[in-house]
Amino acid sequence: MATSQRDLICEMLRLFYDKDWVSGTGGGICSLEAPDRLLLAPSGVHKERVAPEDLFVVDPSTGQVIAPPSNPGLRPSECNGVFCSIIRLRGAGAVAHSHALSAVLAADLAGDALEIKGLEMLKGIRGLSNADVHLVPVAGNTPTEPELVSHVEQVLADERFASSFAILVRDHGAYIWGQDIWEAKRHCEVYHFLFEAVRARAKGD
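Quick caveat, the model's predicted, so the values are computed rather than measured.

**Structural notes on the pattern of salt bridges**
Should the charged atoms of two oppositely charged side chains come close, the side chains can pair.
Next up, step 1: Here the structure, examined in full by the defined rule, presents 10 salt bridges.
Next up, step 2: Among the salt bridges present, the one from E183 reaches R126, with a minimum N-O distance of 2.8 Å. You can see E183 sitting in helix α5 (residues 181-203) and its partner R126 sitting in the loop between β8 (113-116) and β9 (134-139), a full 57 residues away along the chain.
Next up, step 3: In this structure, a network of salt bridges that share partners links the residues D112, D158 and R160.

Structure, rendered in C-alpha cells:
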C-alpha cells in the first residue's frame, strides 16, 4: 500500500529529529496534499511524536485552517505564514523549518547572503552544478515567526537568490523547500552538509 502524505510528513519529522534539526519541539514541516490543501504539523509539540491525525489542513493561499485535527489542544505551526509565502512565491510543494546548529553557525559567517562554492554537493540542489557560486540569503530574526513573513518575502523577491531553495534566519535556523516532500528532503540533507562544510572551511578544519 502506498504511503500517505500524512504518514510521509510524520516520517520526515522523525528523521529530522534524529538529525537534531527539530529538537526541543522546534522546527516544522508542511506539504501540499492538493493544490488547495496544505498539510501542516502542529506547533509546540515534540515533532518526533506527531501522528498523521495531528496535522492541520490549511489553505496555502491564505494560511487559514480548513480542517483542524481532532485534538483541540493542538495549534497550527507558527511557521504557517512563512510556509505559505514560500509556497506562493516559489511554487514549493513542501517546506521544512530546521533549527540545526549548522544553519545557525553558517549564518554567522555571512552578511545578507552565504556564499557556497567549490563543493561537489552543490549538484544536489536542483539546477546547480559543482562549478556554481551559490548564494543563500540570510534574513534577520524576529521575536515570533509571523513577524518573519515580511523579511522572508523581501528575500524571495531578490533576484540574487532566484536559484536558492533555502533561507537562513540569523540566530534561528533555516527554511528549505522543494517541489515535493522528497525534493525538500534531498535539499535539506544537501544544504545541511553545505552549511557544515562552509563552517569547517572557515575554521580551517
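**Quick notes on the environment of N130**
Next up, step 1: Position of N130 relative to the elements: it lies in the loop between β8 and β9.
Next up, step 2: For the pair formed by N130 and P42, sequence separation is 88 residues and the distance between their alpha carbons is 37 Å.
Next up, step 3: Beyond its immediate chain neighbours, meaning those up to four positions away, N130 contacts G118, L119, E120, L122 and K123.
Next up, step 4: Side chain to side chain, N130 and E120 meet in a polar contact 2.7 Å long.

**Looking at the pairing of strand β1 (residues 28-34)**
Next up, step 1: Sheet analysis places β1 next to strand β7 (residues 94-98), joined by four bridges and oriented antiparallel. The residue of β7 that forms the bridge with G28 is H97.
Next up, step 2: Note: β1 against strand β2 (residues 37-40), four bridges, orientation antiparallel. Its bridge partner lying in β2, A34 is registered against R37.
Next up, step 3: Between the end of β1 and the start of β2, which pair antiparallel, lie two residues.

Conventions we followed
Residues numbered from 1 in each chain as written. Predicted model: local features only at pLDDT ≥ 70, side-chain atom pairs only at ≥ 80, totals over all residues. Heavy atoms only, no water. Salt bridge = Lys/Arg side-chain N within 4 Å of Asp/Glu carboxyl O. Helix = DSSP H or I, 4+ residues; strand = E, 2+ residues; numbered from the N terminus. Contact = heavy atoms within 4.5 Å. Polar contact = N/O pair within 3.5 Å; in protein donor to acceptor, adjacent residues only side chain to side chain. Pairing = 2+ DSSP bridges.

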